[in-house]
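# Observations on chain architecture
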Amino acid sequence: MEHMIWNPTMECMPREQLRSFQDGRLRDIVRRVYENVPFYRHKMQGRGLMPGDIHGVADIELLPFTEKQDLRNNYPFSLFAVPLSEVVRVHASSGTTGKPTVVGYTSGDIDRWAELMARSMYCANVSKGDIVQIAYGYGLFTGGLGAHYGAERVGAVVVPISGGNTTRQLMLLQDFGATALCCTPSYALNLAEALERDGIKETKLKCGIFGAEPWTESMREKIEDMLHIDALNIYGLSEVMGPGVSMECMCKQGMHIWEDHFLPEIIGPDGKGLPYGEQGDLTFTTLSKHGMPLLRYRTHDLCTLTDEPCACGRTHVRMGRIMGRTDDMLIIRGVNVFPSQIEHALLQVKGIQPQYQIVVERKNLLDTLEVQVELSPENMSDTVRELEALERKIADSIASHALVSAKIKLCQPGSLPRSEGKAKRVVDNRKL
Amino acid sequence: MFVKQISVFLENRAGSLAGVTKLLGDNGFDLMSLSIADTTDFGILRGIVADYKRALTILSGAGYSAKVSDVLAVSVPDHPGALAEVLSMLSEKDIGLEYLYSFFRNHGDHALIIIRVDKPDECVKALQNAGIKMLSQEDLQAV
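Residues numbered from 1 in each chain as written. Chains lettered and ligands numbered in written order. Predicted model: local features only at pLDDT ≥ 70, side-chain atom pairs only at ≥ 80, totals over all residues.

## Structural notes on the packing of helix H7 (residues 166-177) of chain A against helix H8 (residues 185-197) of chain A
All names here are of chain A. Running from amino to carboxyl end, H7 crosses H8 at an angle of 75°, the nearest separation of the two axes being 10 Å. Between H7 and H8, the angle is such that the two are roughly perpendicular. Seen from H7, the contacting residues are Thr166, Gln169 and Leu170; seen from H8, they are Asn190, Leu191, Ala194 and Leu195. Residue composition of the contact of H7 with H8, grouped by class: four nonpolar, three polar and no charged. (Axes fitted to C-alpha atoms, helices over the stretch in contact; angles between N-to-C directions. Helix = DSSP H or I, 4+ residues; strand = E, 2+ residues; numbered from the N terminus. Parallel < 35°, antiparallel > 145°, perpendicular 65-115°, else oblique. Contact = placed C-beta atoms within 7 Å. Nonpolar A, V, L, I, M, F, W, Y, C, P; charged D, E, K, R; others polar.)

Below is the structure:
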């Protein structure tokens, strides 16, 4: 099997050499955040740490963790390590309640992101001459623009169609002859089914770069079988950069984390680092970002790492599939949703009690989110029109606060389950 | 001139209608009229009972979302086309109908229709001007 490698010097660097490269970058980033980000300076001072105390990766456990909550507390720009005038782009993902999580990029960051997405494109053998249909959403979400810059960097033809509108996706897929597809795996399955429904047996697709939501080997087999492509897994999160933090090669044995730019750790429930092979909370320290570098950012994605050599020749560690979350975050059609966001959105609607239940299903290969809400006597109406208007109002509030569309189901007061302490808010019926 | 209607929110699931009607029956309520509006997920039971205040207290006490609202009990001649005439008249006066259902018992040779409109006061005037009789809460109990 041919393995295309975009940057062999970095991607195939012997691990010892890579480690000393990381040591240098870690020292640099610790110094930069200490000098430029009050949040990190105070955290380090609280531990009696000076930048000079961090000699390299071996000292990583001395450094403080960063949580999503820290990004919220510093909303919008307080974690930036450069003056705002040096920032050329911001992206945002939905926060846990109300305010989104904001990330800033310098032009150097955008350039490095394109490089890492170019490496990811090469992992899938996507290069000049390929046509890449990008069906990730464009906008504050990092998916669309991240894939876009990477595909451009390798010289492919980019079709920036963005997400949704399946009919149009199918038309352009056939008319333009895309050879690569970038979207969420569930949307890929959805497109595959639509093709089948329309009786279209042949496309020019040879590979798919799928991410932004967890999926399984059986989903991979199904997509590969239906679309006759290689379906590869890509991983990323906006806080750390966006898509392209790690990417599977054609060996399909886990995603290579671009270790010259990100230092991964697996953290156990006691907050201590775990060795390769053990499952825990994936945590990243960004090694090259200037706009918003992060130390030991807890993704709360559960997975394992391995440093066993890969047949493709890349030396960078591979992460396994995401096996779950260490918090209550849900991923609905690629959008991160926290139950607390839904609760916050409900409380914006007059008369709605915070008695609710979130039911997630996978129907026709797409995730559906139903929010069951008890109808208070205050909101009772004798007309269907008014009750349906109330449902729309609740759905609108959820759409604007949690950036996800939800079906609202009104329920009789007292009908939703209550339990001592923490109520069972989420019923996830998806079988992955 | 208005009649008090009680409405109750019901989820669309087996037994929910049986539950609320049993509750009303056990408490001695006679449903003089009844209608159900339903969507995929929920229904609204609407009905007329003599003592709507007590009905509201009992329903609320049992945990139902219930509401009392003003509707009109219109006496319509019991012959083909009579209802259409009344409704056309309201429509000409730009009075919108939210919903309508019929009363169980007749009022002499007239049928009784319960209507809910968007402009209740204008509707009363229009019906009066057209010589169409409306029944009060007390009148209904005597039917």
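## Some points on the nonpolar core
Counting residues in hydrophobic clusters, the biggest one holds 91 residues, and the most contacted among them are Val126, Val132 and Cys182 of chain A. Among the elements that take part in this core, helix H5 (residues 107-123) of chain A stands out by supplying eight residues, more than any other. Among all residues touching Val132 of chain A, those that are not within four sequence positions of it are Val126, Ala151, Ala156, Val157, Val158, Val159, Ala178, Ala180 and Cys182 of chain A. If you look at the next biggest cluster of nonpolar residues, it comprises 60 residues, including Leu330 and Val404 of chain A together with Val76 and Cys123 of chain B. (Core = buried A, V, L, I, M, F, W, Y, C linked by C-beta atoms within 7 Å. Buried ≥ 20, exposed ≤ 12 C-beta atoms within 10 Å, placed from the backbone.)

## Quick word on the domain arrangement of chain B
All names here are of chain B. Segmenting chain B into domains produces domain 1 (3-69) and domain 2 (71-135). One C-alpha centre belongs to domain 1, the other to domain 2, and the line joining them spans 23 Å. At the junction of the two partners, domain 1 supplies eight residues and domain 2 supplies eight residues. For the side of domain 1 that touches domain 2, the element with the most residues is strand S2 (residues 33-38), which contributes three residues. Along the lines of polarity and charge, the residues of the side of domain 1 that touches domain 2 split into four nonpolar, four polar and no charged. (Domains from an automatic or database assignment.)

## Some details on the domain arrangement of chain A
Residues and elements named next belong to chain A. Annotation of chain A at the domain level lists domain 1 (8-327) and domain 2 (331-428). Between the C-alpha centres of domain 1 and domain 2 there is a distance of 31 Å. Among the elements that take part in the side of domain 1 that touches domain 2, H8 stands out by supplying four residues, more than any other. For the side of domain 1 that touches domain 2, the class distribution of residues is three nonpolar, nine polar and two charged.

## Here's the deal with the interface of chain B and chain A
Contacts between chain B and chain A engage 20 residues on the former and 16 residues on the latter. Every element with two or more residues in the side of chain B that touches chain A is listed here: strand S1 (3-11), strand S3 (42-48), strand S4 (66-77) and strand S5 (97-102) of chain B. Element by element, the count of residues in the side of chain B that touches chain A is highest for S1 of chain B, at four residues. The residue makeup of the side of chain B that touches chain A, split by class, is seven nonpolar, seven polar and six charged.

## Re the sheet that holds strand S13 (residues 305-306) of chain A
Residue and element names in this part refer to chain A. Ordered by their spatial adjacency, nine strands build an open sheet running S4-S3-S5-S6-S7-S8-S9-S14-S13, and the pairing between neighbours is mixed. Edge positions in the sheet fall to strand S4 (157-159) and S13, since each has one partner strand and no second. Direction of pairing for S13 relative to strand S14 (residues 318-319): antiparallel, over a ladder of two bridges. Across the sheet, Thr306 pairs through a bridge with Arg318, a residue of S14. (Pairing = 2+ DSSP bridges.)

## A word on the pairing of strand S20 (residues 407-411) of chain A
All names here are of chain A. One ladder, built from five bridges, connects strand S19 (residues 366-374) with S20; its direction is parallel. When the bridges of S20 are listed, Val373 appears paired with Leu410. The β-α-β motif built from S19, the intervening helix H11 (residues 384-402) and the parallel element S20 has right-handed crossover chirality. (Right-handed = clockwise from strand over helix to strand, strands pointing away.)

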